[in-house]
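Descriptive structure summary
Here are the chains, one letter per residue:
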Amino acid sequence: MLKPYIRLTFLLCLLGVTAKSQQTSWFEVDKAYKTGLELFEKGKFAAASAQFSRVDESRMFPSDGSGDQRQFSLLKENAEFYRAVCALELGNDDAEKLFLKFINDHPVSANARSAYYQVGRFYFKQKNYPKTIEWFKKIEPQNLSSKESEEYRFKLGYSYFFSKDYVKAEPLFASLKDGKSEFAEPSIYYYAYLNYADADYKTALREFERLKGSKTYEKSYPYYISALYFLDKRYDDVLRYTIPATATIDDQYKPEMNRIIGASYFARSDYKNAGIYYQRFQDKDLGKTQNNQDSYQIGYTAFKNAAYAKAVTELEKMTVADAYYQHAMITLGNSFLKTGNKQGARNAFFRASKLTFDAALQEEGLFNYAKLSYELEFHSVALDAIQLFLKTYPKSARTNEAKTLLAEVLLTTKNYKEAVIVLESITNKNQDARLAYQKVTYFRGLEFYNERAFENAISMLMRSAANGIDKEIEALATYWLAEAMFEVRKYGESVVQFEKFLALPAAKKTDVYNYANYAIGYSAFQNDKYAKAATYFERFIRGGEQDKNTLNDATLRLADSYFVNRNYGDAMEQYNKIIAWRASGEDYALFQRGMIFGLQQQNAEKIATLQSLLKQYPGSNYADDADFEIAYTYFVTNDYAKAKAGLTAMLEKYPRSSYAPRALVTIGLVQYNQDDDAGALTTFQRVVSEYSTADEAKQALESIKNIYLDKGDSDGFLTYANSTNIGNLTTSEQDNITFQAAYNRYQRGDFQGTFEAVNAYFDKFSRPIHEKQAKFIRAESLVKLNRPDEAVPDYTFILNDWTSEYTERSLISIINLYLKQKKYNEAVVYLKKLELTAEYKANYGFAINNLLEAYSNMQMPDDVLKYVALVDKFEKSSKEEKYRAMLFGGKAYLMKGDTTVALRQFQEVVTQAQTISAAEAKYNVAEIQYLKGNYKAAEATIFELTSKLFSYDYWVAKSYVLLADVYVGQKNLFQAKETLKSIIEGYKGDDDILPSAKAKLESLNKKN
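Read on for an overview of the structure. This structure is a prediction, so every number in the text was calculated from the model and none was measured. (Residues numbered from 1 in each chain as written. Predicted model: local features only at pLDDT ≥ 70, side-chain atom pairs only at ≥ 80, totals over all residues. Heavy atoms only, no water.)

Things to note about the overall build of the chain
Helix and strand counts for the chain come out as 54 helices and zero strands. Here the C-alpha radius of gyration of the chain, 59 Å, is well above what a compact globule of 1008 residues would show, namely 30 Å. Across its three principal directions, the C-alpha atoms of the chain cover 200 × 115 × 50 Å. Each of the 1008 residues in the chain was classed as buried or not, and the buried ones make up 49%. When the accessible area of the chain is evaluated, it comes to approximately 50900 Å², of which 49% is carbon and sulfur surface. Of the side-chain charges in the chain, 130 are positive and 129 negative, and the distance between the mean point of each set is 7 Å. (Helix = DSSP H or I, 4+ residues; strand = E, 2+ residues; numbered from the N terminus. Rg over C-alpha atoms; globule rule 2.2 N^0.38 Å. Buried < 20%, exposed > 50% of the residue type's maximum accessible area, 1.4 Å probe, protein only. Areas by Shrake-Rupley, 256 points an atom, 1.4 Å probe, with all protein chains shown as cover. Lys, Arg positive; Asp, Glu negative; His and termini not counted. Charge placed at Lys NZ, Arg CZ, Asp CG, Glu CD.)

This is the structure:
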């Protein structure tokens, strides 16, 4: 180790013993020095130090000329140096002090520079890196040999490295790593490590890969290469390199290597293999280095491998609230759900919702927290959480799901009103939302029903029934919808809904299944469907109803249904049941039984039954009915005395009875039949005066008229009639009657009579009530009478008021008028108005289709193309309208001179349609071919039209006219003439075909 310095010492020794003769003392000093060197060489530093001390302590100086002072001083200097070296090797406390003394005493000595180097090397060997640095820093590197410089740089760099002064260490390793010295390989290693630590992974990987095959570092560098592959996301390289490398790597790196392999499989979503290597990592690591990210990834891997208990265990190890923690809490929540621990899941999702590292995870956490709060019946918490979610994430992809959840919470808390509002804000409801909507609208409908807000109830229940997810709720919603419709007197619709309810399989599970038969019976009865009512009342009675009151009522209503349908035998049977049971409603049953006897002309039995009713139930609600019917039965059997007496007694007993006007009319008729005209007149006038709104008042007035006419006093009747509330016709009534007469003629198709009647109507009433309607039917009649110009003022009058119900109809009529007259400018004015103001889509379609045609006839191609697009986009346009629009588009392009696009449009129509539009389009194709001089193509197109679209006579004929022109173009005048002749002889239409054919034939004849 100190051989360079030993050689230097031998040279000095040779110089020191050149004298031919020496004194004994000099010889002894010299011997001690040599002995010290020999011992030093053998590593016997203590013995060597003793010999060097003898030299150093010698005070003799040669006096006989056998040596000189310089040589003796040099010997002592070397001995002092080696003594310090020995002390250093022996680890003596005074070694550093001896070197400092030597350097101080011999500053220019070659050994002074070596002293720094040696001390530094010694401290390096002792791993005293601060001391190594201290001594090496005293060296001037340029004075070192190449080999010394390499050793110096490495050991200084190494000392800096272990002193964590990486900035100074790196350039020293960098200066050695690319050389060939023994320090090159370790320099590569530490240089690579420093770049790894400094996150310069590219450089670190490059340098570590240079160590492949190194025996010195084979137990460590594979770890760093693996780590760097992983950091560079070269997962395939990690797996290809690292898995085999674990066999040779040092045990201290094996946990980390397994972690890297596990993480690489994790990154590739290969959770099965990730789980294997993560387990190996854990088995070796024993929790010493497992961090938050590890716990998350190991937990997530377990979750993906369906090892939910392990996932929970690993994820619960996480304590630091970082980004991995937030991910982990989501996975932990899902793991808890898999193990049935909803409370644990709720807590995990709550923690995720409070972290802001990942907004999407925070959103997911809050949503699941709200959902589980609801499922665990923390309704108040769930409500707050879901409302917070909707406020915080208004544009979330889960908005609809959140609204559905909110509605379910509101449903649970019976806040049906808000639940409906929330769910109706969802445009596209999924199955869960529809189910929730079905429920909340059902319960909201019941709330409205109980509040007697039946129209609102109907609205809600219809919405519920339309979402038939829960079949039992669908059935119940249908049932209560029917009940609500009954309450608003929509009896027919009520019957439909009740029958729909009974047809639903789930209806049988409800408590109201049989009761629905009873309800349908009522609805059908109120809707005058008595046979149907009887059917359902019978079903209800057979259904085992236990409530006696309801059963009695159903029996009465069944009897009533039979009664109204004149099935008196069955009706009597049911009424008799009530009488026999002495049930509630017996008085009504007795009354009805009496009425049946009367209808069967058994008047004595009728009277007896009604008298029995009065005897048993004198305070019955039907007592006045019975009194009247008994007296009236006497009237119809011509027993006027009893009739009059009975009716008079009834009026005295029941002056406010609903039978009073009828009783008076009957008394009047008795008096009239008994020739007591004065009494009858007084009685009838009493009815008119006291009961003017009753139907009997008109009957009484008619009877009064007969009495006056019997006396020939028509003026008296008119005077009387005009003095009453019902006998004087108002101006408005006269107006209505007069107009109705004109309208009746219009409906019968008497247009001349309508015209005259409307004129008379306007002559009679200066401010007619039906002014616009009257003008409309007059205008329509004038058009029918072929006097359209006279109709225009009436149409124009109506169109000046855009609020009239006849405005749109008048617009269409005047448009048709102008189109028929080919006054396209005038037609366009009204068509544009209709386009902008049409209330009905059909009228809008009428407007845009006719604007298309009008602009085409006005030679305005740009406007035509605009309406072609509108017709095509209009959702109510039929296929034929779209083909027709395409046809006009082709015509527009022809106007613009673009035959290429025009031809494409026509061909498109021909390809898609077989209608008249196709025929016209085909004709236009042929005409374009003709005009381009392509006669053969034009001829073929014409024949194709006439063979495939032969049912469209006009276009077939027009094509033959064009065919004649084609023949002329081909110089085949004979065929041209014959073609024209065939048209003239065979075509029957009254249009431009025949005039055109005749003109062309005449022109061809003149040429010959």
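Side note on helix 11 (residues 201-209)
Those residues of helix 11 that fall on the buried side of the exposure criterion are T203, A204, L205, E207 and F208. Looking at the buried side of helix 11, the elements it contacts are helix 9 (166-177), helix 10 (184-197) and helix 12 (221-231). (Contact = heavy atoms within 4.5 Å.)

Some thoughts on the packing of aromatic side chains
Inspection of the entire model under this criterion finds 85 aromatic pairs. Ring centres of Y271 and Y300 lie 5.7 Å apart, and the angle between their planes is 70°; this geometry places the pair in the edge-to-face category. Residue Y271 is located in helix 15 (residues 271-285), and its partner Y300 is located in helix 16 (residues 292-304); the two are separated by 29 residues in the primary sequence. Here Y271 matches Y300 in class, with each residue buried. When the ring of F776 is compared with that of Y806, the centres are 5.4 Å apart and the planes differ by 35°; the resulting orientation is tilted. With F776 in helix 42 (residues 771-784) and Y806 in the loop between helix 43 (788-799) and helix 44 (807-820), this pair connects stretches of sequence that are 30 residues apart. Look at Y806 and you get buried, because its relative accessible area is 8%. Here the basic side chain of R787 rests over the ring of F755, its NZ or CZ set 4.8 Å away from the ring centre. The ring of F888 carries K891 above its face, with NZ or CZ at 4.6 Å from the centroid. (Phe/Tyr/Trp six-rings, centres within 6.5 Å; stacked < 30°, edge-to-face > 60°. Lys NZ or Arg CZ within 6 Å of the ring centre and 35° of its normal.)

Some points on the layout of surface pockets
What the largest pocket holds in volume is close to 440 Å³. If you trace the largest pocket, you find 17 residues lining it, with Y824, E853, N857, F888 and K891 closest to the centre. Looking at the lining of the largest pocket, the elements with two or more residues in it are helix 46 (841-857), helix 48 (879-895) and helix 50 (916-931). Among the elements that make up the lining of the largest pocket, the one with the highest residue count is helix 48 (six residues). Classifying every residue of the lining of the largest pocket gives seven nonpolar, four polar and six charged. (1 Å grid on protein atoms, 1.4 Å probe; cavity = no way out; pocket = protein on both sides within 12 Å on 5 of 7 lines; lining within 4 Å. Points joined across faces, edges and corners; volume = space filled by probe spheres on them. Nonpolar A, V, L, I, M, F, W, Y, C, P; charged D, E, K, R; others polar.)

Looking at unusual backbone geometry
We note that K414 has phi near 65°; this positive angle belongs to a residue other than glycine. Along the chain, K414 falls in the loop between helix 22 (399-412) and helix 23 (416-424). Phi at N786 is positive, roughly 60°, even though this residue is not glycine. Within the secondary structure, N786 sits in the loop between helix 42 and helix 43.

With respect to the pattern of salt bridges
Enumeration over the complete set of coordinates arrives at 43 salt bridges. One salt bridge in this structure joins R259 and D294, with 2.3 Å as the shortest N-O distance. Here R259, found in helix 14 (residues 254-267), pairs with D294, found in helix 16; they are 35 residues apart in sequence, far enough to count as distant. One salt bridge in this structure joins K948 and E944, with 3.5 Å as the shortest N-O distance. Within this pair, K948 and its partner E944 are both found in helix 51 (residues 935-948), separated by four residues, close to a single helical turn. (Salt bridge = Lys/Arg side-chain N within 4 Å of Asp/Glu carboxyl O.)

Some thoughts on the nonpolar core
Core analysis: the largest hydrophobic core is formed by 148 residues, its most contacted members being I386, F389, F501 and Y575. No other element matches the nine residues that helix 26 (residues 471-487) contributes to this core. Once residues lying within four places of it in the same chain are set aside, the contact partners of Y575 are L556, A559, D560, F563, Y588, A589, Q592 and I596. Of all hydrophobic cores here, the second largest spans 77 residues; its members include A87, L98, Y196 and A245. (Core = buried A, V, L, I, M, F, W, Y, C linked by side-chain atoms within 4.5 Å.)

Here we look at the environment of Q907
Here Q907 lies in helix 49 (residues 899-912). Take Q907: its relative accessible area is 32%, and that puts it in the partly exposed class. When the C-alpha atoms of Q907 and I814 are compared, they prove to be 35 Å apart, with 93 residues separating the residues in sequence.

Digging into the side chain of N467
In this fold, N467 is placed in the loop between helix 25 (454-466) and helix 26. On the basis of relative accessibility, which here comes to 12%, the residue N467 falls in the buried class.

None of the figures reported here should be taken as evidence of function without further support.
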